[in-house]
Structure formats: structure tokens, C-alpha cells
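Chain by chain, the residues run as shown.
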Amino acid sequence: MDESVRKGLDGVVADETRLSQIDGEAGELTIGGYPLGELAGNATFEETLFLLYEDRLPTAEELEAFDERLSAYRTITPATQSVVEAAATRGQSAMDAARMGIASASLARTDDDRAEEATERDALLSVAQLPTIVAAYWRATQGESAPEPRADLSHAGNYLYMLTGEEPTESEVRGLETYVNAVVDHGFNASTFTARAIASTESDVVSAVTGAVGALKGPLHGGAPGPVLDMLDETHRADDVRSVLEGKLDAGERLMGFGHRVYNVRDPRASVLSEAAESLYRAEDGGDEDFYESARETEVVARDLLSERRPDLDLETNVEFYTAVLLRGVGVPRDLFSATFAVARVGGWTAHVIEQRADNRIVRPRSRYVGASNRTWTPIDER
Ligand code: ACO
């Protein structure tokens, strides 16, 4: 038996998946066999979800039936509503609200309880409830209630509608669709692996998704786009972008939105998201071209600076850089960036749970013991 420790499971191939493929050297990502560049800007989120669940694109008829089943689960129960309101009142974060809200989403279950139907129902339920939970939280932080979800709007369109109370423009919906498609799945990242480990015990989908939200909450996983936007606001206001960024590096700070553990080249998601941001910001229905141009300039200057200062590393633009630009453009508040990542990634989590259950072996790695040995019990009054 190999006793070597692979800290962080670095390099360990833990199972097979047909959901997404990452080539970190070439900077390529495919979802369900489709190159991200082809899928993200064309598919609706519902189509991508169907692809992940069924391993093929739906026909128009299948898509209509799928949309209908998914949107039927959008309304949250009064219990979930009060949990997210309590999170908002107590100043807890959107990710805390998402974790508490989704944990209670099993209350919205319908009554079919055959095991395989329950898995599919809970997958749709989790995907459909999370946007309503996040929107309800956000509106509660503003002292308002979210409007009832609208079944006539798409998944992405309805999320924006519940957040703002206004029907989003076509460009905003397309921008958000591209984002959620681009980040829906990405191999065995920490939250996805968490979901699979929970599913491997034959626990239920809602439990797996709740654990995954907890994993995504950590700043090492889902927390960078907010700070990226802070940096972009600063460079947008500044006369000299280079000196702002130099100041950060001189102070020992990292440039947010650059560097990645898996990619040595520009993250393929950054390319897809930057194109989507470009068309959104240049759109006639209310873009903000100036901000987009300033973000582009910041990217160019940052990459130059990073390669000058660290020629030994390939610190390229990562997914979070243009996530910040795109989500700002579609009108998602910065405090909801991580929770909106969860709204997208829940599609991947649930597909992984279905995949895990279809060919399951309980996740149970070993550990190497490094603690004390041969201790002798001392009674409490002699310690
Ligand atoms: N700016 C400046 N220096 C950097 C940056 C950066 N963005 N990223 C890495 N470095 C430097 C580090 O300071 C370190 O230098 P050292 O060797 O002198 O200590 C070296 O590169 C290696 O850094 P690690 O943290 O060991 O690299 P790792 O591959 O583990 O980290 C990470 C990847 C966490 C993304 C890192 O590049 C980073 O912190 N980037 C900024 C934050 C960010 O954009 N996070 C979102 C990532 S996307 C995602 O994971 C969903």
C-alpha cells in the first residue's frame, strides 16, 4: 500500500467524470464534450443543465418540458423565507444565507419518494430554489421582499428579475446566461468534490448541495470577484493604472483575478467572459463602455507587470477577473458575487451527485497517523 501523503489531494485522480474536461496547459475547457466558447454564449442555462444531466442537448419539446419542471420548484417555503430574512437582519453574508436557505429547501419537496425520482426531483429543486433564496436574502437586506418568481422568464432572467424587481434586458439575460454556463462545472474542485463525497454515502442531493455551498464559501474557492471589482473601481478612478497596480505589488498584495493552480495560460473562462462583457458593455441598451475599456487596460497593464516582476511564473488572467466585470454589467450586486457563483455551480454539483450515485463507491481515503503513541492513562486529579 502506497503510504505517501498527497496533501490537498494534489494530482490525485479520484474518479471518472463525463461532465467537464480541463486542459490546464492548453487552456481549454469542455462541458459535456462541447468547447466552452461554443456552448457558453449560445446555450440557455436550462439547455446546459439538460446536457449535464442527460449527456445530450434537448430537442425543443424536451427543453420546454424540462423548463416547466424546473420552474415549478422556484417558490421557496415560508420557513426558508424566514431563515434568509433572519440572515439578512443579523448581517450575515449571502453565502451564509444560501447555506441556511438551501438546507431547508427539502421542505419544498413534492411527495414522490422513489429513490431515483427523488434524486432527480431534489436536483431540480436545488437548482430552482437557490436563485430565489439569494434574491430573497438580497431584497431583505434592502428592507424589501422579492417579487414572486415568474415562470414565463428563463432561469437567468427570473433571477435578475427577482433581484431588481424589474424585467432585465435581453443583453443582461444573455450576459448572465454566459456566466452561469461558463462556471457551471470545473472538474473535481473543492465544492464539487464535497458534494460527491456526501453523495457517496448515499445521502440525499439537498445535503450534498448544502455541504457544497459551505465549501464554496471559503475565500480560497469562491471569494475573489468582489475584491477584483474593488481593484477595478480603483483603477477606473485613477489617472495612472500602472502606478496603482505597482503600489499594490510593492505593498506585498496580490493582483486579484490573476494566477491559477490549474491553468498556466489565460483561463478559457476569462476569454469567454471577456467577450460576453464586451458585447454587454457595448450594447445599445445601456452599456458602460468606459468601465469596460478601463478593465481591459487594467488587465493588459497587470499582465505586463506580473510578467516583469515574476518572469518565473505564468500569472495569467483567471475566471474571477471578467466575472467581476460581467456580473457588474448585468446588475448583480457585488455582495452577491459568490452566491451567484453558487447559483451557477449548483448545476454542476447536482450533475455530479447524479453521476456519483450511478456508479458509487463511498469516498474513504486513508490518513497517515503522526500523533502520540504509547500514552498511559492518568486519572484527572493527577494531571
Ligand atoms: N499577484 C501577485 N503575485 C501572485 C499572484 C497574483 N495574483 N498569484 C500568485 N502570485 C505569486 C505568489 O505571491 C507566490 O509568490 P512566492 O513564490 O514569492 O511566494 C507565487 O506566485 C505562487 O503563489 P501560490 O499562491 O503558491 O500559487 P497557487 O497556484 O497556489 O495560487 C491563486 C493560485 C490562489 C489563484 C493565486 O494565484 C492568487 O492568490 N491569485 C489572486 C487571487 C485570485 O485571483 N483568486 C481567484 C482564483 S480563480 C479560482 O480559483 C476560482
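Up top you'll find the structure we're talking about.
Numbering of residues begins from 1 in every chain and follows the order in which that chain's sequence is written. Reporting in this predicted model follows two pLDDT cut-offs: at least 70 for local features of residues, and 80 or more for side-chain atom pairs to be given and counted; totals over whole chains, interfaces and linings ignore these cut-offs and use all residues. Remark: hydrogens and water are excluded; side-chain values derive from all non-hydrogen atoms of the structure.

## Quick word on the sheet that holds strand E3 (residues 34-35)
A pair of strands counts as paired when DSSP detects no fewer than two bridges linking them. Numbering of helices and strands runs from the N terminus; a helix is a DSSP stretch of H or I covering at least four residues, while a strand is a stretch of E covering at least two. Spatially, the three strands line up as an open sheet ordered E1-E2-E3, and their pairing is antiparallel. Looking along the sheet, the strands with just one partner apiece sit at the ends: strand E1 (20-23) and E3. Where strand E2 (residues 28-31) meets E3, two bridges bridge the pair, whose relative direction is antiparallel. Its bridge partner lying in E3, Thr30 is registered against Pro35.

## Structural notes on helix H2 (residues 45-54)
A simple rule labels every residue: compare its accessible area, found with a 1.4 Å probe on the protein chains alone, to the largest value its type can have, and call it buried under 20%, exposed over 50%, or partly exposed in between. Counting buried residues in H2 gives eight out of 10 residues, a clear majority hidden from the surface. Within H2, the full set of buried residues consists of Phe45, Glu46, Thr48, Leu49, Phe50, Leu51, Leu52 and Tyr53. Asp55, located one to two residues past H2, shows a positive phi value of around 65 degrees.

## So, helix H17 (residues 337-358)
By definition here, a helix of n residues has an expected span of 1.5 Å times n minus one. Compared with an ideal rise of 1.5 Å per residue, which puts 22 residues at 32 Å, H17 spans 32 Å between its outermost C-alpha atoms and is within 8% of the ideal. Along H17, the helix axis deviates most sharply at Arg345, where the bend reaches about 40 degrees. When you tally the buried positions in H17, you get 19 out of 22 residues, the bulk of the element. Here the bend at a residue is taken as the angle between two axes, fitted respectively to the seven residues that end there and the seven that start there.

## Considerations on the side chain of Ser191
By secondary structure assignment, the location of Ser191 is in helix H9 (residues 190-199). Relative accessible area serves as the criterion here: at 0%, Ser191 is assigned to the buried category. With sequence-adjacent residues up to four places away left out, Ser191 is seen in contact with Ala212, Ala215, Leu216, His221, Arg345 and Trp349. The contact criterion used throughout is that any non-hydrogen atoms of two residues lie within 4.5 Å.

## Comments concerning the layout of surface pockets
Here a cavity means grid points, on a 1 Å grid over the protein atoms only, where a 1.4 Å probe fits yet cannot get out; a pocket means an open set of points with protein on both sides within 12 Å along at least five of seven lines; lining residues are those with an atom within 4 Å of a point. Grid points are joined across faces, edges and corners, and a volume is the space filled by probe spheres set on the points. Counted as a void, the largest pocket has a volume near 2,000 Å³. Here the lining of the largest pocket spans two domains, and each of domain 1 (33-217 + 339-358) and domain 2 (225-330) adds at least three residues to it. For the second largest pocket, the calculated volume is near 800 Å³. Lining the second largest pocket are 21 residues, and of these Leu9, Val12, Arg364, Pro365 and Arg366 sit closest to its centre. Class assignment for the residues of the lining of the second largest pocket results in 10 nonpolar, three polar and eight charged. Each domain's limits were defined by an automated method or a database of domain assignments. Residues are sorted three ways: Asp, Glu, Lys and Arg are charged, Ala, Val, Leu, Ile, Met, Phe, Trp, Tyr, Cys and Pro are nonpolar, and all the rest, Gly among them, are polar.

## Brief notes about the pairing of E1
Of the pairings in the sheet, the one linking E1 to E2 comprises four bridges and is antiparallel in character. Bridging from a neighbouring strand, Asp23 pairs with Glu28 of E2.

## Focus on the site of the ligand
Each residue is tested against the molecule or strand, and it is near if at least one of its non-hydrogen atoms lies within 4 Å. In the vicinity of the ligand, 17 residues are found, and the nearest of them are Arg254, Leu255, Gly257, Arg310 and Asn318. Between the ligand and Arg254 there is a distance of 2.8 Å, counted from an oxygen atom to a side-chain nitrogen or oxygen. N or O atoms closer than or at 3.5 Å make up a polar contact, with two conditions inside protein: a donor-capable atom paired with an acceptor-capable one, and, for residues adjacent in sequence, both atoms drawn from side chains. In the environment of the ligand, an oxygen atom lies 2.8 Å from a nitrogen or oxygen atom belonging to the side chain of Arg310. Out of a free accessible area of 920 Å², the ligand has 64% covered by protein chains. Think of it this way: if more than half of a molecule's atoms are within 2 Å of a pocket's grid points, that molecule is in the pocket or cavity. The site holding the ligand turns out to be the largest pocket. A breakdown of the residues in the shell around the ligand according to their chemical character gives eight nonpolar, five polar and four charged. What sets the accessible areas is the Shrake-Rupley method with a 1.4 Å probe; for residues, cover comes only from the shown protein chains.

## Remarks on the pattern of salt bridges
A pair can form between side chains of opposite charge whenever their charged atoms are brought close. Take a side-chain nitrogen of Lys or Arg and a carboxyl oxygen of Asp or Glu: if they are within 4 Å of each other, that pair is a salt bridge. For the coordinates displayed, the defined rule picks out 29 salt bridges. Arg266 serves as the salt-bridge partner of Glu299, at 2.9 Å between the closest nitrogen and oxygen. One end of the pair, Glu299, is in helix H15 (residues 289-309); the other, Arg266, is in the loop between helix H13 (241-250) and helix H14 (268-281), with 33 residues separating them in the sequence. An identical accessibility class is assigned to Glu299 and Arg266; each is buried. In this structure, the salt-bridge partner of Glu316 is Arg303, at a minimum N-O distance of 2.7 Å. Of this pair, Glu316 sits in the loop between H15 and helix H16 (319-330) while Arg303 is found in helix H15, placing the two residues 13 residues apart along the sequence.

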